[in-house]
Amino acid sequence: MRIRVDYSTIYEYAQAASDVLQLLRVQPAGHDGQHIVHWRIDSEVDGHLKRGEDAFGNITHMFYPDGPVQRLAIHVTGEVDTSDSHGVLSGTHERLPASVFLRQTDLTRPDEALMALARQIDADDALASCHRLTGLLFEQMAFDPDVTHAHSDAAHAFALKAGVCQDYAHIFLSVARQLGIPARYVSGHLVRHDGFITQPAAHAWAEALIPDLGWVAFDPTNGLCATDAYLRVAVGLDYRDAAPVRGARRGGGVETLAVTVTTQSREQAQEQLQG
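Keep in mind it's a predicted model, so treat the numbers as computed, not measured. (Residues numbered from 1 in each chain as written. Predicted model: local features only at pLDDT ≥ 70, side-chain atom pairs only at ≥ 80, totals over all residues. Heavy atoms only, no water.)

## Points about the nonpolar core
Okay, step 1: The biggest cluster of nonpolar side chains holds 36 residues, and the ones touching the most others in it are L114, L117, L137, I171, F172 and V175.
Okay, step 2: Sorting the residues of this core by element identifies α1 (112-120), α2 (126-140), α3 (154-160), α4 (165-178), β8 (183-190), β10 (203-210), β11 (214-219) and β13 (230-236) as the ones contributing at least two each.
Okay, step 3: The biggest single contributor to this core is α4, with eight residues.
Okay, step 4: Within the second largest apolar cluster, 35 residues are counted, among which are I3, L72, F101 and V245. (Core = buried A, V, L, I, M, F, W, Y, C linked by side-chain atoms within 4.5 Å. Buried < 20%, exposed > 50% of the residue type's maximum accessible area, 1.4 Å probe, protein only. Helix = DSSP H or I, 4+ residues; strand = E, 2+ residues; numbered from the N terminus.)

Given below as structure tokens:
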């Protein structure tokens, strides 16, 4: 599938902010199921963009505006060819040992309810356990963008039985790690087939390390393994490690943030033009 992404993040401040810096994890890397056709990062203000890699192997960019700003807009566009591997990941460079992804974090640390959920899952077969966990979360949770926020943890979302894709992924990670299955957070994009091509955020799911298969992508929000409709961008122990944009500034007062993500296949883009 040819996936096209148009992604804008706009920060506005009440007063001019100085010493602004933005850490971006918005550029995907290629692997056996994902070929980058082209990718571009732009800003409305003058500044310096420095590329690097983090400890997880994610492509990072540090953006430093040349001076104080009251509005900072980052615009990302690109096209990627993907193929369906039934969620099995191959062709990536793994920089960290699998044991790192058994660590719980502040956002995935289980409470008694999550421990009880883990006890419902048969841990004898890692693949079956992850499929069962994916199905249970899809059935028991309700997608609701109004009940959690970026700092909500897995225990809070599971108690509500509601949240967004970030929350589903954190709950999956919490339970999988309790079962001794290395698991990591994935941020990226999803081509939806329900007519909604523009969203207020990127997508998120999880990957678990399965014996004899390697890393396999599970999306509990949609109750399935990743397909060629998924564009993988960054990974980490939780959202904080893979967040598309994180930043710091001096001054500026009240901050407002607007995010718009348009993700579509080439066919959807052609249909939109014809319509």
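Following the structure, the description resumes.
## Notes on empty space enclosed by the protein
Okay, step 1: Taken as a whole and judged by the stated rule, the model has one cavity of 30 Å³ or more.
Okay, step 2: The volume enclosed by the largest cavity comes to roughly 50 Å³.
Okay, step 3: If you trace the largest cavity, you find it lined by Y7, R25, V26, S187, G188, H189, A202, V233 and P244.
Okay, step 4: If you tally residues by element for the lining of the largest cavity, the top one is β8, at three residues.
Okay, step 5: The class makeup of the residues in the lining of the largest cavity is five nonpolar, three polar and one charged. (1 Å grid on protein atoms, 1.4 Å probe; cavity = no way out; pocket = protein on both sides within 12 Å on 5 of 7 lines; lining within 4 Å. Points joined across faces, edges and corners; volume = space filled by probe spheres on them. Nonpolar A, V, L, I, M, F, W, Y, C, P; charged D, E, K, R; others polar.)

## Looking at the layout of surface pockets
The method is simple in principle: a probe with the dimensions of a water molecule rolls over the atoms, and the space it marks as empty is what remains.
Okay, step 1: Put simply, the second largest pocket is a space of about 310 Å³.
Okay, step 2: If you trace the second largest pocket, you find 20 residues lining it, with F56, G57, T92, H93 and R232 closest to the centre.
Okay, step 3: Top contributing element to the lining of the second largest pocket by residue count: β13, with four residues.

## Considering the state of the cysteines
Okay, step 1: The full count for this structure, using the stated rule, is zero disulfides.
Okay, step 2: In this model C165 remains outside any disulfide bridge; the closest cysteine sulfur is found in C225, 17 Å from its own.
Okay, step 3: With no disulfide partner, C225 has as its closest neighbouring cysteine sulfur the one in C130, 8.7 Å distant.
Okay, step 4: Since its relative accessible area comes to 15%, C225 is described here as buried. (Disulfide = S-S within 2.5 Å.)

## A look at the packing of aromatic side chains
Okay, step 1: Applying the stated rule across the entire model yields six aromatic pairs.
Okay, step 2: Ring centres of F56 and F101 lie 6.1 Å apart, and the angle between their planes is 45°; on these two criteria the pair is classed as tilted. Of this pair, F56 sits in the loop between β3 (47-53) and β4 (59-65) while F101 sits in the loop between β5 (69-82) and α1, and the two are 45 residues apart along the sequence.
Okay, step 3: By relative accessible area, which is 18% here, F56 ends up buried.
Okay, step 4: By way of ring pairs, the aromatic residues F56, F101 and W215 are connected into one cluster.
Okay, step 5: Over the ring of F158 we find K161, and its NZ or CZ is 3.8 Å from the ring centre.
Okay, step 6: One Lys or Arg, R184, reaches over the ring of W215 and ends 3.7 Å from the middle of that ring. (Phe/Tyr/Trp six-rings, centres within 6.5 Å; stacked < 30°, edge-to-face > 60°. Lys NZ or Arg CZ within 6 Å of the ring centre and 35° of its normal.)

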